[in-house]
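Now for the letters of each chain:
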Amino acid sequence: MAASQDYDVADPDAALLFARVLDGNGGGRVVSWEEANQWRPGRAGEMLWLHLCRNADGLQDWLEHALQMSEPTAELLVSDDTRPRALREGNALVAVLRGINFNPGAEPEDMIALQLWSDGRRVVTLRREPLQTPRQTLAEIDAGTGPTDAGALITSVTEHMIARMNHSILDMNDNIDRLEQADPEDDADDMLDRIAVIRRNCLALKRHMSPQHEALERISRDAPPWFEEHDRREIAESIDRLRRYLEDIDISKESAVVLQDDIRARAAASADRTSYLLTIVAAIFLPLSFVTGLLGINVGGVPGVNNGDAFWVVSGLCCAILAVQVVLFWRWKWLG
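Residues numbered from 1 in each chain as written. Predicted model: local features only at pLDDT ≥ 70, side-chain atom pairs only at ≥ 80, totals over all residues. Heavy atoms only, no water.

Student: Describe in detail the packing of helix H3 (residues 59–66) against helix H4 (residues 71–78), supporting the description with residues and values.
Tutor: It is at 9 Å that the axes of H3 and H4 come closest, and there the two elements cross at 140 degrees. Taken together, the axes of H3 and H4 lie oblique to each other. Both H3 and H4 take part in a crossing whose hand is right-handed. Across the interface between the two elements, Leu-59, Gln-60, Leu-63 and Glu-64 of H3 pack against Glu-71, Ala-74, Glu-75, Leu-77 and Val-78 of H4. Among the residues making up the contact of H3 with H4, the classes are represented as 5 nonpolar, 1 polar and 3 charged. (Axes fitted to C-alpha atoms, helices over the stretch in contact; angles between N-to-C directions. Helix = DSSP H or I, 4+ residues; strand = E, 2+ residues; numbered from the N terminus. Parallel < 35°, antiparallel > 145°, perpendicular 65-115°, else oblique. Left-handed = near helix turned anticlockwise from the far one by under 90°. Contact = heavy atoms within 4.5 Å. Nonpolar A, V, L, I, M, F, W, Y, C, P; charged D, E, K, R; others polar.)

Student: Explain unusual backbone geometry residue by residue, including any values.
Tutor: Phi at Gln-68 takes a positive value of approximately 60 degrees, unusual for a residue other than glycine. Here Gln-68 shows up in the loop between H3 and H4. Residue Gln-68 is classed as exposed on the basis of its relative accessible area of 64%. (Buried < 20%, exposed > 50% of the residue type's maximum accessible area, 1.4 Å probe, protein only.)

Student: Mind laying out the environment of Thr-133, listing which residues take part and the relevant values?
Tutor: Residue position: Thr-133 is located in helix H5 (residues 133–142). Thr-133 sits in the buried class, given a relative accessible area of 2%. The sequence separation of Thr-133 and Ser-156 amounts to 23 residues, and the corresponding C-alpha distance is 9.2 Å.

Student: Could you give an account of the packing of helix H6 (residues 150–181) against helix H8 (residues 229–295), with specific residues and numbers?
Tutor: Where H6 meets H8, the closest approach of the two axes is 10 Å, and the angle between their N-to-C directions is 15 degrees. In this view, H6 runs roughly parallel relative to H8, as classed from their interaxial angle. Crossing of H6 against H8: the hand is left-handed. Residues that form the contact of H6 with H8 fall into these classes: 12 nonpolar, 8 polar and 6 charged.

Student: Can you explain the pattern of salt bridges? Please cite residues and give values.
Tutor: Counting across every chain of the model gives 10 salt bridges. A salt bridge links Asp-80 to Arg-128; the shortest N-O distance between them is 2.9 Å. On the criterion of sequence distance, the pair formed by Asp-80 in the loop between H4 and strand E4 (85–89) and Arg-128 in the loop between strand E7 (122–127) and H5 is long-range, its members being 48 residues apart. You can call Arg-128 partly exposed: its relative accessible area is 29%. Between Arg-243 and Glu-217 there is a salt bridge whose closest N-O contact spans 3.7 Å. Of the two residues, Arg-243 sits in helix H8 while Glu-217 sits in helix H7 (residues 188–222), which places them 26 residues apart along the sequence. With a relative accessible area of 33%, Arg-243 lands in the partly exposed category. (Salt bridge = Lys/Arg side-chain N within 4 Å of Asp/Glu carboxyl O.)

This is the structure:
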């Protein structure tokens, strides 16, 4: 794996996030960039894992010459075209996967790509933004309980990535449950905004996780021989788990739609009730306003101007009109 200085990366410290040589028993030892560049398989079971930042200067050339990758493969591993996919290139497995972005200020739909390449003796993973999934597998290796070969390493990273997706789905379901228990009368607009965010997250997760499901199936079906039978079973379990999560996303999306429609229906019903009451009030006071307005015009001939009992007569007439209206509205079921 020795790389010519002409094809080394410009800044190894920026390119290398961590490197381990796995011992085949669940543990591993730390190696530097220089050691990784000169690494050759020692005793049986040893394997090299490099986790790199894919936007480091000169990384594509290094991948092509140090690892003998084809130019299209090296370009895929450092590109921003991160739609999930998987392919086999000779004895090497190439994959692009996506994980949930749990970085501060990020939304679940802001997913992070993890590019992966392995020939069975070396595994190279690459990312641009910080991603916690490889760190979980790294912690297991440092604790001596990690994967023992390249296939197990790939399945471990995949399992952790899918498990973190489940956390995001559970959070969305919890938010939906809280919104269902809330009173829409408190702040319907805020609830609708929160539901809209949940729906967008569901759509984004479904858009990214569906091709990921296809990529994992491709790995299980077309992986090189070094990807052993137990690794294929583990990937099959991950595929089943991912399929269940996709179904959960569909259920969450449908629940959000139902809740959104219910809140809108309640808001519309409340507005209709308000409009109905205003209409009834207007219908009641319209005749009364007509009578009082007619008698209040400042022209000659208005009856009762000089009669001291005229006020009480008009008040009685208004009360009678009001009583007749109430009876009629009750019979017409306008007050029901």
